[in-house]
Structure formats: structure tokens, C-alpha cells
Amino acid sequence: MASMQNTQQMANAIRALAMDAVQAANSGHPGAPMGMADMAVALWGQHLSHNPTNPNWLNRDRFVLSNGHGSMLMYALLHLTGYKLPMSELKNFRTLHSKTAGHPEVGVTPGVETTTGPLGQGITNAVGMALAEKLLASEFNRKVGDVDHAVVDHHTYVFMGDGCLMEGISHEAAALAGAWKLGKLIALYDDNGISIDGQVAPWFIDNTAQRFVAYGWNVIGPVNGNDAQAVSTALAEAKQPGDRPTLIICKTAIGFGSPNRANTSKAHGEPLGAEEIALTRAAIGWSHAPFVIPKEVYADWDAKAAGKAAEQAWKEKFAAYQAAFPAQAKELLRRMKGDLPKNFVQTAVDTVIAAHTKAETVASRKASQLALEAFTAALPELLGGSADLTGSNLTNTKSTPSLRFDRSGAVVKNEAGQGGRHINYGVREFGMAAIMNGVALHGGFIPYGGTFLTFSDYSRNAIRMAALMKQRVIHVFTHDSIGLGEDGPTHQSIEHAASLRLIPNLDVWRPGDTAETAVAWTVALQNKAKPTALLLSRQNISYAPKAESALAPDACGLDAISKGAYVLAEPSEVGLKKKPQAVIIATGSEVQLALHAQKLLAERKVAVRVVSMPSTTTFDLQSAEYKSSVLPAGLPRVAVEMGSTGGWWKYGTAAVVGIDTYGESAPAPVLFKHFGFTPENVADTVQSVLQRK
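Residues numbered from 1 in each chain as written. Predicted model: local features only at pLDDT ≥ 70, side-chain atom pairs only at ≥ 80, totals over all residues. Heavy atoms only, no water.

(A) Region of interest: the overall build of the protein. Within the protein one finds 26 helices and 22 strands. The C-alpha radius of gyration computed for the protein amounts to 28 Å, which stays within 12% of the reference 26 Å derived for 693 residues, consistent with globular compactness. Seen through its C-alpha atoms, the protein measures out along the principal axes to roughly 90 × 65 × 45 Å. Classification of the 693 residues of the protein by burial places 61% in the buried group. Considering only intrachain contacts with a sequence separation of at least 6, the fraction spanning at least 24 residues in the protein is 77%. Accessible surface, the protein as shown: approximately 26,000 Å² in total, 52% of it carbon and sulfur. Across the protein, 62 positive and 61 negative side-chain charges occur, with their mean positions spaced 5 Å apart. (Helix = DSSP H or I, 4+ residues; strand = E, 2+ residues; numbered from the N terminus. Rg over C-alpha atoms; globule rule 2.2 N^0.38 Å. Buried < 20%, exposed > 50% of the residue type's maximum accessible area, 1.4 Å probe, protein only. Contact = heavy atoms within 4.5 Å. Areas by Shrake-Rupley, 256 points an atom, 1.4 Å probe, with all protein chains shown as cover. Lys, Arg positive; Asp, Glu negative; His and termini not counted. Charge placed at Lys NZ, Arg CZ, Asp CG, Glu CD.)

Following this line, the structure appears as C-alpha cells:
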């Protein structure tokens, strides 16, 4: 640790930059960076292993600012330690197209590991990162005699505040971190007792220390969070080998140094003002002009040389590992890059063709498991799970035994030396979704997890964050409609498919049989820069015969289904040699309904084309030419889906057979008839549309 005077100046540099940037933007949160500045000096100046010249170094420590409104703390640290974040970007804080957004954004600012802002999700992402580190270390590290080839060996650090701890998701995440014995996860709690509404004492009465002890964490403190040496000592203790994550409680003053704003909510989310900034500069002994940092302070903060040395030492260790275990080294690098195995395309084609050949009548949740059997066997990076619904979501396979840890915290392995790859998340949908985001952000795994579609509402903000961050995370949502039957409207999805389709950069699939489900999984696994939601049925669905053109592999090893919508059946396939007079568009289990209606209409001498549209989001990205080939201009269109109708009108539909009310509790066949999901009603709807022409 630098001298006391130097550490104070290092912390004051953060305070000054936070005050100046927020003042220049005339918006932002100066109080948290000012209060956490000494915590940052302790961690980033003494303990964090990172390389500013290579922000994506594989074995770097991960740092998460969970209370992301304090983003100027992060930007000041990145600038001062030597990342490619010049002072001009700090001056452009919160302005259009700057790299210093109001809340940190991964992929925008070098050194930012995750996008934070929605409180509680950052600490939960960090749990996912720490889990990924632990699982990769268990899988790839080797010890030969006295040589320890620990090529995956780093910590995950989190700064978080009262708001993160008040959000329910932090309870879910902390409990799982304790259960998984994530000994390399260290969270520093900025305990300043202030939120937007003022002193938190009247509404936040938790005994945080006891709460985390109950979760199975090691708790240190309270320590003086405005004393860098005290925090550094706590960090050194936390880093001692053990099987428990650690919480360091740091008592701080929000807006530290401000004579009139410190320890008040006024320091939280607004500029201090020119007069108060001048008073604060005098109070902390910072005489420099706005955005001016003395050379000696830059020198104290500069982490480039130490970072290069740390990465070089790791490279030497990895070279020795590579020589001893070339196959494992190659596999680790492939997985951290996010590349799929070379045999993936062939695996996908084989899986789709097998589904087509067998033509099984199964629920699409079962079709998903059948596809997963092939993909989990071929892709060791697939890390599955379920929110206490494994037997219903069918997310487990022969290749993915349950993840378990022994008393020492080590991953339990089978006779082949393989650890579990299926996670029992418990009834924690939101936590599961945000942990999967953290796993994906860390690298090395493609996470997927299951729950009922109606509970996607619990997961929604984490799904949105995955889409915003462009992360390959796969959500398996089963029981996708009133077709689940007697459980009733609390469990029957009505608005959920339409709602998920509204999230930008989220690919949503509702496949109608085993082949479509296999294609949906293929596309999801290839979606390197977006998450996917798979909406799957509880009830069985007959296989829909397909033309060979729909299954002919294209250059990507996929087929027409992968375009999101395709012509499933022309009138000729039900014995009517006429051009189509209308188009029925259907998804999921309703594809069979459309086919039965097509047959009924043929008996009435009405010719219709049936289009299966398993993914509206993928179809919307196709060329205008392809779209018009599937949905020709001039042909009336009727959509059929057991969900809210609002999203279907954009396809120029003349009618939608859907449901815009909540469901009922009754057997599925009774509900289908009650709500009009019958071949007769679909056929009558088509004829009614044709009569209006």
C-alpha cells in the first residue's frame, strides 16, 4: 500500500473526477464514488489482478460495480489505472455516444465486466462469474507432482450498496453463493445508511452481517470504509483460501469530504454545485483545477506495468500447461472465445434429420430434451439448470448430472472425472436468470435454465439485461399456454410470448414439433450475441410432415425453419389443386390446429396455405423477398396462437384467433373448445375473412 498521504491523494483524485464529471453533465451520482473512493484505493491499488493494456486477459480478476449509479467511480479507476479511457471521455460523461454512460455498460467501456444499474443484479452477475471460475478451474486445472497447473485462478470482487441488499434478488444470489461455497467471491458493502429517500434506518432494518452468516458467508467488519489501509487488511483476510464467500462491511460517508452534503441524500443523485465543489476541494486539500490530475497521482495509480507482469507470469504458466496438456489448453481457449466445436454443424444437421425421420408425437418440452441429449453430449460448455422444475422443464440429460459440492467446497465428480452440469437453482427464477448472465459474461460456458413461461415475469429484467449486453443465454420456458390445463390462470401464459417478443435483441422461438425444436436449439446456440427464449408446450404435439426443401441444409448447416417462418403446407397437400385463397399463420401447438383447419376448409373447397412461424423475431430479420415468398401480398392472413393477439396485427392479418383474457382452470381439451381453439373456429374465421373481401 502506498503511503498514507499518497492513498489520500489517490482517493481524492476519484472524488474530484466524480464531482467534476457530474457537474459538467449536470446529472449523475457523485456521493457513492466519493464515499467508496478509499475502498477503491484498497482494492484497485493493492489487490486487484488486472491488465489495463489487455482488459480481456483470461485469468484477470473480475470487478463488478453492482451499485452502478456510482459509475464515475468505475470510470475514474479505469482512466487512472491506464485503460483506454482518456480524460475527454470523462468530460463527456453521460453525453451521446460517449464511453462513459450514466451506468457502466459492458462492450462499450474497456474494463467494464457487466452492465449494472438495476440494483441487485450486479452482485448476482458476480455470483455467476465466481461459479464459472470455480467450475472451469475444477475442469481444467491440473496438478502433477509438485507442479500446480492452476491456469484458471482468479477472484471476483463486488462493490454494492444498501439498494442492492434491499432488492430481493440479492437474497437469492447470496444464498446460492453460500450453497456453492464460492470462496473466491468477495463483496464489499458500502454501508453508508443513505438512499434517495434519506436515512434508510426506518425501512431497512436487516442485520446484514447475520443475514450473510446464515447464507454461509464469511463476514468481516464493520471496518472503516474511508480508511484504505483498514479495507486492504480486510481484503487480505478475505483472500485467504477457504470455502466461503466473503462479505466485507465498510462503514462510509456518502459524499465524503463535502462539508454540507456528506451523509445526506442530497449527495446521492445530483451535482454538488460549484460552490459546494469549491468547499469540498478545500476540505480535502485538492487544489487542482477541474479534470486536472497531478503526474505523481497518475504514477501512484498506473497499473499497466504490474498488469503486464501479472499477465506475463500467467502466460508462462499457461505455456507449461499447454505443453503438458495440449488438448485441454486448446479446449479452454476455444470455450473462452465462445466458438462452437468444429463438429457442431454436423451435430445440428444430424439432430434435425433424426427428429424428422422419427416424426415423434411428443410435447415440445420433451422435444427440447431430445435435442439437448445430442447437444449436451457434443458441447461440454453447455451448463444447464432449472428453478426447481427439472422434471417439468426437462432440462437435464444423460450428459448433465446434477452439480454438487463436497464439504470442502470441491466439485463432486463421477468415475470419469466429470463434474455436474445441471444446476438446481431452487425456486429462484430472477436469481437464476441473472446468474446465467454472469456465467455467460465470464466465458467458458453457454448457460441455459428452465422454468414455466408464466414465471418469465420474475426473470424479465435479467432477460432484458442479457439482451442489452448481447449475451448468449438460453431460457427454456415450458407450459406455454392454456394447454397446461387444470392449474388455471395463475400458471397459464397469455401475454408472455407477445411480451418477450417486444424485448430488442431477444430471439423468441415457439416451435411446433421435434424438428422445429431442434432447429430452435441450433439457432440459439449459434446466437453468439443475443439471448434466446424457447417457449415449449406441456401437451403432446403431432409431428408435421415437411417438404424436403424445408430440411435441406444450407450453407450454415440449417434449413428453411431457421428463417423463423416457412411454408408448411400448400392446398395440394390436402387434395385441393387450387392456388391459396388465404394464409393461416400458426406457432407451436397451434400448427396442428392450423393443419386440421386447412383440411376442413379443403372439404369446403377453400384453398389455404399454412405457414409455421416458430420465431417471429427471426422471421422479421429476413429479406423482403423471402418474407413475401412466405406471406404473398394480396392473400388474406389469419394468425392462430394461444396468447394475446396484439403482436400479430403487424403482419397484416385480417383476423387473429387468440386469447386476450386470462384463462380458466379445467382440462386442456375443455379449455381449447371454450376459448375457440378448434379447427372449426379457425376454418370459420378464415371463411369469414374471405367473405369480407
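(B) Just the pattern of salt bridges, in detail. Per the counting criterion, the structure on display carries 23 salt bridges. Between Arg211 and Asp206 there is a salt bridge, with the nearest N and O atoms lying 3.5 Å from each other. For Asp206, a relative accessible area of 36% gives the class partly exposed. Its salt-bridge partner being Arg510, residue Glu641 comes within 3.8 Å of it at the nearest N-O pair. Of this pair, Glu641 sits in the loop between strand E21 (637-640) and strand E22 (655-657) while Arg510 sits in the loop between strand E15 (507-509) and helix H20 (514-526), and the two are 131 residues apart along the sequence. Judged by its relative accessible area of 2%, Glu641 is buried. Linked through salt bridges whose partners overlap, the residues forming this network are Asp480, Arg501, Arg510, Glu590 and Glu641. (Salt bridge = Lys/Arg side-chain N within 4 Å of Asp/Glu carboxyl O.)

(C) Highlighting the sheet that holds strand E20 (residues 608-612). As summarised here, the arrangement of the 5 strands in space is E18-E20-E19-E21-E22, forming an open sheet in which the pairing is mixed. The two strands at the open ends of the sheet, each matched to only one other strand, are strand E18 (566-569) and E22. Ignoring which end each strand starts from, the neighbouring axes of this sheet average 30 degrees apart. Where E18 and E20 come together, 3 bridges link them in antiparallel fashion. Within the sheet, the bridge partner assigned to Val567 lies in E20 and is Val611. (Pairing = 2+ DSSP bridges. Axes fitted to C-alpha atoms, helices over the stretch in contact; angles between N-to-C directions.)

(D) Structural context of the packing of aromatic side chains. Following the criterion strictly, the structure yields 16 aromatic pairs and no others. On the numbers, 5.5 Å between centres and 80 degrees between planes, the contact of Phe212 with Tyr215 is edge-to-face. Accessibility assignment for this pair places Phe212 and Tyr215 in one class, buried. When the centroid spacing of 5.1 Å and the interplanar angle of 25 degrees are considered together, the rings of Trp314 and Phe318 count as stacked. Taken together, the residues span about one helical turn, with Trp314 and Phe318 both in helix H12 (residues 304-324) at a distance of 4 residues. Each member of the pair Trp314 and Phe318 is classed as buried. Connected via pairs of aromatic rings, a cluster forms that spans Trp314, Phe318, Tyr321 and Phe325. Its end group placed over the ring of Phe325, Arg142 keeps NZ or CZ at 5.8 Å from the ring centre. (Phe/Tyr/Trp six-rings, centres within 6.5 Å; stacked < 30°, edge-to-face > 60°. Lys NZ or Arg CZ within 6 Å of the ring centre and 35° of its normal.)

(E) Highlighting empty space enclosed by the protein. Inspection of the entire model under this criterion finds 3 cavities of 30 Å³ or more. Counted as a void, the largest cavity has a volume near 70 Å³. Lining the largest cavity are Trp44, Leu48, His50, Pro55, Arg60, Asp61, Phe63, Tyr83, Gly111 and Glu113. Of the residues in the lining of the largest cavity, the class split is 5 nonpolar, 2 polar and 3 charged. By volume, the second largest cavity is sized at about 60 Å³. Lining the second largest cavity are Leu453, Asp480, Ser493, Ile494, His496, Ala497, Arg510, Glu641, Met642 and Gly643. (1 Å grid on protein atoms, 1.4 Å probe; cavity = no way out; pocket = protein on both sides within 12 Å on 5 of 7 lines; lining within 4 Å. Points joined across faces, edges and corners; volume = space filled by probe spheres on them. Nonpolar A, V, L, I, M, F, W, Y, C, P; charged D, E, K, R; others polar.)

(F) Summary view of the nonpolar core. In this structure, Trp44, Phe159, Trp180, Ile248 and Trp301 are the most contacted members of the largest nonpolar core, which totals 116 residues. At 11 residues, helix H5 (residues 121-140) tops the list of elements feeding residues into this core. Non-local contacts of Trp301, meaning those with residues more than four positions away in its chain, are made with Met10, Ala13, Ile14, Ala40, Val41, Trp44, Gly45, Leu77, Leu80 and Thr81. Counting residues in each nonpolar core, the second largest holds 73 residues, with Val583, Ile584, Ile585 and Trp648 among its members. (Core = buried A, V, L, I, M, F, W, Y, C linked by side-chain atoms within 4.5 Å.)

(G) Inspection of unusual backbone geometry at higher detail. Across the junction of Gly221 and Pro222, the peptide omega takes the value 15 degrees, indicating a cis bond. Its place among the elements puts Pro222 in strand E8 (residues 218-224). Residue Lys181 is not a glycine yet carries a positive backbone phi of 55 degrees. Checked against the element boundaries, Lys181 lands in the loop between helix H7 (168-179) and strand E5 (185-191). By relative accessible area, which is 24% here, Lys181 ends up partly exposed. Within the chain, His479 stands out as a residue other than glycine whose phi angle is a positive 55 degrees.

(H) The arrangement of the sheet that holds strand E14 (residues 474-478) in detail. Ordered in space as E12-E11-E13-E14-E16-E15, the 6 strands form an open sheet in which the pairing is parallel. In this open sheet, the two edge strands, each paired with only one partner strand, are strand E12 (422-424) and E15. Direction aside, the axes of adjacent strands within the sheet are offset by 20 degrees on average. Summarising the sheet, strand E13 (residues 446-452) and E14 pair through 5 bridges and their orientation is parallel. Directly across from Tyr448, in E14, lies its bridge partner Ile474.

(I) Quick peek at the layout of surface pockets. Taken as a whole, the largest pocket spans an internal volume of roughly 1,000 Å³. What lines the largest pocket is a set of 39 residues, and nearest its centre among them are Asn56, Met336, Ala440, Leu441 and Gln471. Of all elements in the fold, only helix H13 (326-337), helix H17 (429-442) and helix H18 (456-469) reach the threshold of two or more residues within the lining of the largest pocket. Here the lining of the largest pocket takes 4 residues from H13, the largest share from any one element. Across the lining of the largest pocket, the residue classes break down as 17 nonpolar, 11 polar and 11 charged.

(J) Structural detail: the packing of helix H22 (residues 590-603) against helix H26 (residues 679-692). One way to put it is that H22 packs onto H26 with a least axis distance of 8 Å and a crossing angle of 60 degrees. Relative to H26, the element H22 lies oblique. Crossing handedness for the pair H22 and H26: right-handed. Every residue of H26 that contacts H22 at Leu593, His596, Ala597, Leu600 and Leu601 is listed here: Pro679, Glu680, Val682, Ala683, Val686 and Gln687. Split into classes, the residues belonging to the contact of H22 with H26 amount to 8 nonpolar, 2 polar and 1 charged. (Parallel < 35°, antiparallel > 145°, perpendicular 65-115°, else oblique. Left-handed = near helix turned anticlockwise from the far one by under 90°.)

Any functional reading would require information that these geometric values do not contain.
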